[in-house]
Amino acid sequence: MNKRHTEHKVKAGKQIYIISLGTMIMGILSISWALIHIQAQAVPAAYSENTDLFPIQADLRNIVKSSIAVPAEAGDSSSIPPQDDILYPIRPLEGDVIGQLIIPALQQILPIIHGTDEDELEEGIGHFPESVLPGENNNSVLSGHRDTVFSKLGQLEIGNKLIVDTSAGSFTYKISAIRIVDKDDKTIIVPTDHAVLTVSTCYPFHFIGSAPDRYILIADLIAEVRSPTT
Amino acid sequence: MKLKYLGLTAIVLVFTLSFSRILLPASAAVIDMNLGSAATFGLLAKTMTTVETSVSGNTGAITQTVIPHITNGNNYLDDSVYHAADIDLGNAIVYANSQVPTVNGTAGADLGGEILLPGIYNYPGAVNISADVTLSGDDIFIFQIAGTLDTTAGTKILLTDGAQACNIYWVVNGAATLAANTEFNGSLLSQSSATTVGINTIINGRILSQDAVTFTGPGPSNITVPACVQEPPVEPPVQPPVPATATPVPATATQVPATATPVPATATPVLATATPVPATATPVPATVMPVPAPATPVPAPVTPVPATATPVPATATPVPAPVTPVPATATLVPATATPIPATVMPIPATAMPGPAASPVNTPATVSPAEPAVPEWMVETEWIKVGLLPDGDMVIDAKLPDHQEDTGLWNFDLGGKLYNIEGTESVKYRIAKAPVGTYNILVRFTSHNGTVFKFEAVPVSVPTVTGGQLPATATPWYNLLLSGALLTIMGGVILWRRKLRE
């Protein structure tokens, strides 16, 4: 009886040993797998000064710096927009690349894709489809992963510029506010009376697990140079 | 004592694994409804009874009374092809029923008169369709019906806003009965109960059953295996910068390749109106009237266009757009040789009763709320465009001069096309209309071929109010957390065991 009890104890002890060891191995594998993916998701595009910009975009940026730049104006409350307010006569479909975001302070050039599902966010910055497109007279919302395109977003400060190049032109925004809000905050994606660029990502940046907050940059349009045909 | 640790380990393991599942972002769950080899079958049954039944697609059974009239397919009788499809059907039913519902209905629900958005609808009992039901939106619909499904004679499953029969799945556990003259859209998947189909039914989808399917005499009935139509593949409106490009490619170019759009008739010059309308400050007077030669009295100066047999490229010259609210002008295009076939949607939707008439995406048990009144952004004599509180767009359009007609209304919202069958007046509700500033082009093609083209209506749809911040979490940090928890847990258990030893 005693012997049987001892055998049972030994057997149970082995089971616990195997289970705990297996759990640890599973955990280590999960950590390795996650770290490999986090490291592998490099920023999609590198930044360089104008020389590396595509010719037309470089030209546009130079114009922005000159006095020709058109200052942004407050939104017109008229419900019927003039035809020359139509920057994008054909609206994008989700998954379309609509332009690029240039962050001079971080020396980054990042592609912008229409849509904010995982498919789009894997490719770059996602444009929230229920917001206006960059350059249009309202709140344009961009989102990206904290561990890929926006891993350095926390380094930006108020006053830094964000430049969005699209086929409609080049639109320069200046960061006017930085906020940290709950992920369910409903005061960020709202209409505005002038052209605003809202950039969001998860926060804290290195939180292990599902980040509970969002890091928000709010930038106002300060200059725009439209493509000749828009 | 050791057993206690074993139990503890099991509990922690289960907890951790559950936790890691919960932590994964919702976007990671993607519905991939796959019928496998059963997808090629229009009619699949263990026991098949058909009477004057036409099927475009394959048919298969273990026993059947007669072979249906088959086009674009073959009949497979108790062979390997049938059994492979039968197995795939079973897997598809299991998969469909395993999806987490987005809308929980009630037993005995009546979908008649409802407008339903894409989602997973779960009904714990019987479902009736006593009147037309509208499915709106280009995404997947799965109806998990634990009881029976019954349609009333003459009812229709209507599709709007890009809803497609290929994306609709009716997974019925009980008996399914489609009454006579039902126009049914979607694939009806049945595992263990009989399916009965009445006479003169039109099924744009599939009847796939692992039990008996009976078509009642004398027929006829038609089944057409649906094919998914892609969104109009318009050129990306905003071109990504291309290094080799010397000049920017503007979004305004008429990049809509007519051959690629799902509306064949877009190849006609009419869609050329999608070109950017030159900005002009000249208001457009309400002058050009779309009145055929024997015109009825009209208030404004009339320019009757003789109904010649020669198609007129009505849109060769873009019409200047108004900068102030003016009555939209409409141009009559004499009967063209190529009227638009309504092929974008498998079954053209009929005029919607309007936003107030039927609640959207609400279970049948919920009574209609107070009618939502749109805030009109643009009001012209014939076209009104407004936004509902929930962000949906409403377009209220009518033919000039009280003309009575039926035909196909086309709405082009910045290159995104919407079609609807209707009469001379239509109220069309569009979920997820494009946001931003663009033109809405409206055209009406009557069944006799007459085309009315309205002046472009510029609208400015604002950013949504109170939008949910996008989920920007990748699953990797969640996996990292799970891994850390597992490692710690394993380490602690091991450490405790060593201590005991």
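For clarity, every value in this text was computed on a predicted model and none was experimentally measured.

Novice: Residue-level account of the overall build of chain A, with values.
Specialist: When its secondary structure is counted, chain A shows 3 helices and 8 strands. Secondary structure elements of chain A occur, N-terminal to C-terminal, as α-α-β-β-α-β-β-β-β-β-β. Counting the 230 residues in chain A, one finds 50% classified as buried. Carbon together with sulfur atoms contributes 56% to the accessible area of chain A, which is approximately 10200 Å² in total.

Novice: Hey, could you go over the state of the cysteines for me, with residue numbers and the actual values?
Specialist: Residue and element names in this part refer to chain B. Under the counting rule described, the total for this entry stands at 1 disulfide over all chains. One disulfide in the model links Cys166 with Cys228; its S-S distance is 1.8 Å. The sign of the 100 degrees torsion about the S-S bond sets the Cys166-Cys228 disulfide as right-handed. Linking Cys166 in the loop between β14 (157-160) and β15 (168-172) with Cys228 in the loop between β21 (221-224) and β22 (330-333), this pair joins segments that are 62 residues apart in sequence. According to the relative accessible area criterion, Cys166 is buried, its value standing at 8%. Residue Cys228 is classed as partly exposed on the basis of its relative accessible area, which comes to 42%.

Novice: Help me get a handle on the sheet that holds strand β2 (residues 108-114) of chain A, residues and values and all.
Specialist: Remark on secondary structure: sheet strands pair via backbone hydrogen bonds, oriented parallel or antiparallel. Spatially, 8 strands are ordered β1-β2-β3-β4-β7-β8-β6-β5 (chain A) in a closed barrel, and the strand pairing comes out mixed. Put simply, the sheet's adjacent strands are angled 30 degrees from each other on average, direction ignored.

Novice: Quick rundown of a nonpolar patch on the surface? Include the residues and the values.
Specialist: Residue and element names in this part refer to chain A. Taken together, Tyr17, Ile18, Leu21, Ile25 and Leu29 make up a surface patch of nonpolar side chains, about 480 Å² in accessible area. The topology assignment puts Ile25 in helix α1 (residues 2-40). Judged by its relative accessible area of 48%, Ile25 is partly exposed.

Novice: Please give an account of helix α2 (residues 80-98) of chain B that cites residues and values.
Specialist: All names here are of chain B. Relative to the 27 Å expected for 19 residues at 1.5 Å per residue, α2 spans 27 Å between its end C-alpha atoms, a close match to the ideal helical length. Buried residues of α2: Tyr82, Ala85, Asp86, Leu89, Gly90, Ala92, Ile93 and Ala96, and no others. Around the axis of α2, the buried residues are gathered within 165 degrees of arc, so they sit on the same side. Structural note: α2 exposes Ser80, Ile87 and Val94 on the side pointing more than 90 degrees away from its buried face.

Novice: Provide a residue-level description of the confidence of the model for chain B, including the pertinent values.
Specialist: All names here are of chain B. When pLDDT is averaged across chain B, the result is 70; 66% of the residues are at 70 or more. Note that pLDDT drops below 50 for residues 16-29; the model gives that stretch 17 contacts with residues more than four away or on any other chain. Predicted confidence is poor over residues 233-369, with pLDDT under 50, and the contacts of this stretch with residues over four places away or in other chains come to 284 contacts.

Novice: Pulling in residues and values, what's your account of the sheet that holds strand β24 (residues 383-387) of chain B?
Specialist: Residues and elements named next belong to chain B. The antiparallel open sheet is built from 4 strands, whose spatial order is β23-β24-β25-β28. A strand with exactly one partner marks an edge of an open sheet, and here the two such strands are β23 (375-379) and β28 (425-430). Adjacent strand axes in the sheet meet at a mean angle of 20 degrees when their direction is disregarded. Across 5 bridges, the pairing between β24 and strand β25 (residues 393-398) is antiparallel. Paired with Lys384 across the two strands is Asp396, which belongs to β25.

Novice: Describe the nonpolar core, listing the residues and the values that go with them.
Specialist: All names here are of chain B. Leu111, Leu135, Phe143, Leu149, Trp170 and Leu188 are the most contacted members of the largest nonpolar core, which has 36 residues in total. Contacts of Leu135, omitting those with residues within four sequence positions, involve Leu116, Phe141, Phe143, Ile157, Leu158, Leu159, Thr160, Ala163, Ile168 and Trp170. Counting 30 residues, the second-largest nonpolar core is a separate cluster that includes Met377, Ile383, Val426 and Val442.

Novice: Can you explain the pairing of strand β19 (residues 202-209) of chain B? Please cite residues and give values.
Specialist: Residues and elements named next belong to chain B. Judged by how many residues are buried, β19 sits mostly within the fold: 7 of 8 residues are covered. Bridge count between strand β1 (residues 41-49) and β19: 2 bridges; the pairing is parallel. Bridging across to β19, Leu43 finds its partner in Ile207. Across 3 bridges, β19 lies against β21 in parallel orientation. The residue of β21 that forms the bridge with Ile202 is Asn222.

Novice: Just give me the short version of the side chain of Thr151 of chain B, but keep the residues and values in it.
Specialist: Residue and element names in this part refer to chain B. The topology assignment puts Thr151 in strand β13 (residues 149-151). One polar contact links Thr151 to Thr182, side chain to side chain, over a distance of 3.0 Å. Setting aside its immediate chain neighbours within four residues, Thr151 contacts Ile129, Thr177, Leu178, Ala179 and Thr182.

Novice: Requested: an account of the pairing of strand β1 (residues 97-103) of chain A, with residues and values cited.
Specialist: Residues and elements named next belong to chain A. For β1, the buried fraction is high: 6 of the 7 residues fall into the buried class. Inspection of the sheet shows β1 paired to β2 by 6 bridges, in the antiparallel sense. By the bridge assignment, Leu101 is partnered in β2 with Leu110. Taking the residues that link successive antiparallel strands as the turn, the β1-β2 hairpin has 4 residues, and the phi of Gln107 there is positive, at about 55 degrees.

Novice: Got a sec to walk through the environment of Val103 of chain B? Specific residues and values, please.
Specialist: Within the element layout of this structure, Val103 of chain B appears in strand β6 (residues 103-104). Residue Val103 of chain B is classed as buried on the basis of its relative accessible area of 10%.

Reading guide: rules and limits
- Residues numbered from 1 in each chain as written.
- Chains lettered and ligands numbered in written order.
- Predicted model: local features only at pLDDT ≥ 70, side-chain atom pairs only at ≥ 80, totals over all residues.
- Heavy atoms only, no water.
- Helix = DSSP H or I, 4+ residues; strand = E, 2+ residues; numbered from the N terminus.
- Buried < 20%, exposed > 50% of the residue type's maximum accessible area, 1.4 Å probe, protein only.
- Areas by Shrake-Rupley, 256 points an atom, 1.4 Å probe, with all protein chains shown as cover.
- Disulfide = S-S within 2.5 Å.
- Pairing = 2+ DSSP bridges.
- Axes fitted to C-alpha atoms, helices over the stretch in contact; angles between N-to-C directions.
- Patch = residues over 30% accessible without salt bridge, like charges linked within 9 Å, V, L, I, M, F, W, Y side chains within 5 Å.
- Salt bridge = Lys/Arg side-chain N within 4 Å of Asp/Glu carboxyl O.
- Expected span 1.5 Å × (residues − 1).
- Arc of directions from axis to C-beta.
- pLDDT = per-residue confidence, 0-100.
- Contact = heavy atoms within 4.5 Å.
- Core = buried A, V, L, I, M, F, W, Y, C linked by side-chain atoms within 4.5 Å.
- Polar contact = N/O pair within 3.5 Å; in protein donor to acceptor, adjacent residues only side chain to side chain.

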